[in-house]
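Read off the chains here:
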Amino acid sequence: MLPVFGQRARIWQSLAILFEALILMGPCFSQESPGEPSVVQGKGFTLYAGYQFGGGFTDQASGQSIALREGGSYGASLDIPLDGSSELQIFYNHQTTAFTPWPYPNSSDQLRLDYLHIGGTYFPEDLGHGVYVVGGVGATRMSPDAAGLNPATKLSMNVGVGYLLPLSKNVGVRLEARGFFTAVGGYTSVFCSGGCVASLTASALSQGDFLIGISARF
């Protein structure tokens, strides 16, 4: 259990550092001039690129901890305004990662993670500008590439903070940090019901993601 708690502490520490940096950046962008662009308050679509880290499992047979390789991610969101400060958000995120170390040399170590969440975004100041908080709930699809391991779909959630900087009336840049938390299911094997090349367990899967996105509103 110690590696899991260590990963969670790393995620929250990273989120806290980025949140503090965003707060410090806020006053720099809040000094608006009459001609400064402001993103229109219509429906928004954002494409993200990110760097995702954290998460891991335990080999039930040997007790060995197996982490997930950190690396690139990508995603997209659809944002629908609800009022002057909040939006409904549909969010998708993907990472192709690998089990490390993978003690089964005759099978693939690749794992695909797909998150699909519905939630919301709240801007303390004006919708479409400045610091915001975001979150959502939904499902995580975990798809191992190894033969004998079946995909698994589990309940999950995400929470995060961000900053939206308008570049023009319809386009802006988002900087975000999100934490993803998936309820894996205790001490049962995650990816199979019998005859597996590996029997992996975890109580929860915790990951963090630093994201940058281009947001368009229409």
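Note: the structure precedes this text.
All values reported here derive from a predicted model rather than from experimental measurement.

Novice: Any chance you could break down the nonpolar core for me, citing the residues and the numbers?
Specialist: The biggest cluster of nonpolar side chains holds 24 residues, and the ones touching the most others in it are Phe57, Phe99, Trp102, Met142 and Phe191. Looking at this core, the elements with two or more residues in it are strand E3 (65–68), strand E5 (86–100), strand E6 (110–122) and strand E11 (204–217). Of the residues forming this core, the biggest block, three residues, is contributed by E6. Those residues in contact with methionine 142 that sit more than four places away from it in its chain are Phe57, Leu111, Arg112, Leu113, Pro151, Ala152, Lys154, Val190, Phe191 and Leu205. Core analysis: the second largest hydrophobic core is formed by five residues, Phe123, Leu127, Val134 and Leu164 among them.

Novice: Requested: an account of the pairing of strand E8 (residues 152–166), with residues and values cited.
Specialist: Examined bridge by bridge, strand E7 (residues 130–144) and E8 share 13 bridges and lie antiparallel to one another. When the bridges of E8 are listed, valine 137 appears paired with methionine 157. In the sheet, E8 pairs with strand E9 (residues 171–183) via eleven bridges, with the strands oriented antiparallel. When the sheet's bridge partners are listed, leucine 164 is paired in E9 with arginine 174. Hairpin geometry of E8 and E9 is characterised by an intervening segment of four residues between the two adjacent antiparallel strands.

Novice: Can you explain the side chain of arginine 178? Please cite residues and give values.
Specialist: Inspection of the secondary structure assignment puts arginine 178 in strand E9. Its relative accessible area of 0% is what places arginine 178 among the buried residues. At a separation of 3.0 Å, a polar atom in the side chain of arginine 178 contacts the side chain of asparagine 158.

Conventions and cut-offs
Residues numbered from 1 in each chain as written. Predicted model: local features only at pLDDT ≥ 70, side-chain atom pairs only at ≥ 80, totals over all residues. Heavy atoms only, no water. Core = buried A, V, L, I, M, F, W, Y, C linked by side-chain atoms within 4.5 Å. Buried < 20%, exposed > 50% of the residue type's maximum accessible area, 1.4 Å probe, protein only. Helix = DSSP H or I, 4+ residues; strand = E, 2+ residues; numbered from the N terminus. Contact = heavy atoms within 4.5 Å. Pairing = 2+ DSSP bridges. Polar contact = N/O pair within 3.5 Å; in protein donor to acceptor, adjacent residues only side chain to side chain.

Any functional reading would require information that these geometric values do not contain.
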